[in-house]
Amino acid sequence: MKFFRITVSSNLKEVGVFPQRREMNVGINIDAPNHLLKQPPFKILDPDIYIPSFNLHPKAKLTDIISLPINSDWIISLKLKEILESQKIDNIQIHPITIYKKDNCYEYYILHSIFPQMDCIAYSDTDILIKEVLSEYEEKITVQSFDDFQLIESKIAYPKYLEFKKFQIRSDCNCNFFTLKYTYGLTTYFISEYLKTTLEQSNITGIRYMELDEVL
């Protein structure tokens, strides 16, 4: 199976303005432990999570994905939510969020990844860099399996960190929608060719499909 990297669209004809999302509205203190912005990545969100509302730029169009994620969480429409739920994807959470544009409010949803699907990487075809913050130190390694990678990952601590120089996704990966760490310098979403076709046929807006080696 073939896979694609996906990101938010910056096509102004489609989105109106980039980024579409602007400031957060006043709510509970941002340092409250249940505030969305205080949640670490890849953690199941508690039922009492506080999700603030946000404003859109006045020129922003109402697309199915709103540009400028909240941390690593995407803002998606009901239409896209229903498509993802129909796929029975088990590594994401979806929570409602209110989005304002001028004097109107719209119901959107937070798309939150629970865990990265790092076992989908074809490690024998992937170069991994061990780097160091504020240093030119760089070591390239290659591992042969997910188990080998986990062993390496468990030994990496600040100021060292991991980065994938290049990578391939296993053709037998059976996930239609998932995230990976250490790719492109941030947490990134990926989809199967099957789901890409489904989204295209459904005219999902605000999304850009990219090859794995394609540069933004």
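Residues numbered from 1 in each chain as written. Predicted model: local features only at pLDDT ≥ 70, side-chain atom pairs only at ≥ 80, totals over all residues. Heavy atoms only, no water.

Novice: Can you lay out the nonpolar core for me, pointing to particular residues and giving the numbers?
Specialist: Soluble globular proteins tend to bury their nonpolar side chains together. Counting 21 residues, the largest nonpolar core has Leu84, Phe177 and Leu199 as its most contacted members. Those elements that provide at least two residues to this core are strand 1 (3-8), strand 5 (73-76), helix 2 (78-86), strand 7 (104-113), strand 12 (186-192), helix 4 (193-201) and strand 13 (207-210). Core analysis: the second largest hydrophobic core is formed by 20 residues, Val143, Cys173, Cys175 and Phe178 among them. (Core = buried A, V, L, I, M, F, W, Y, C linked by side-chain atoms within 4.5 Å. Buried < 20%, exposed > 50% of the residue type's maximum accessible area, 1.4 Å probe, protein only. Helix = DSSP H or I, 4+ residues; strand = E, 2+ residues; numbered from the N terminus.)

Novice: Tell me what's going on with helix 2, and back it up with residues and numbers.
Specialist: Given 3.6 residues per turn, any residue in an α-helix points the same way as the ones three and four places further on. Of all the residues in helix 2, the buried ones are Leu80, Lys81, Ile83 and Leu84. The arc that holds every buried residue of helix 2, seen down its axis, measures 165°, which confines them to one face. Buried residues belonging to helix 2 abut strand 4 (65-70), strand 5, strand 6 (92-101), strand 7, strand 11 (177-183) and helix 4. Residue Lys88 follows helix 2 closely and has a positive phi angle near 55°. (Arc of directions from axis to C-beta. Contact = heavy atoms within 4.5 Å.)

Novice: Tell me about the state of the cysteines, and please be specific about residues and values.
Specialist: Within this structure, the stated rule accounts for 1 disulfide. Residue Cys175 stays outside any disulfide, its sulfur separated by 4.1 Å from that of Cys120, the closest cysteine. (Disulfide = S-S within 2.5 Å.)

Novice: Please set out the environment of Arg208 residue by residue, giving values where relevant.
Specialist: The residue Arg208 is located in strand 13 in this model. On a C-alpha basis, the gap between Arg208 and Cys105 in space is 25 Å, while along the polypeptide they are 103 residues apart. What Arg208 contacts, discounting residues up to four positions off in sequence, is Arg5, Ile6, Thr7, Val8, Ser9, Glu214, Val215 and Leu216. Among the polar contacts listed, one links the side chain of Arg208 to the side chain of Glu214, at a separation of 3.4 Å. (Polar contact = N/O pair within 3.5 Å; in protein donor to acceptor, adjacent residues only side chain to side chain.)

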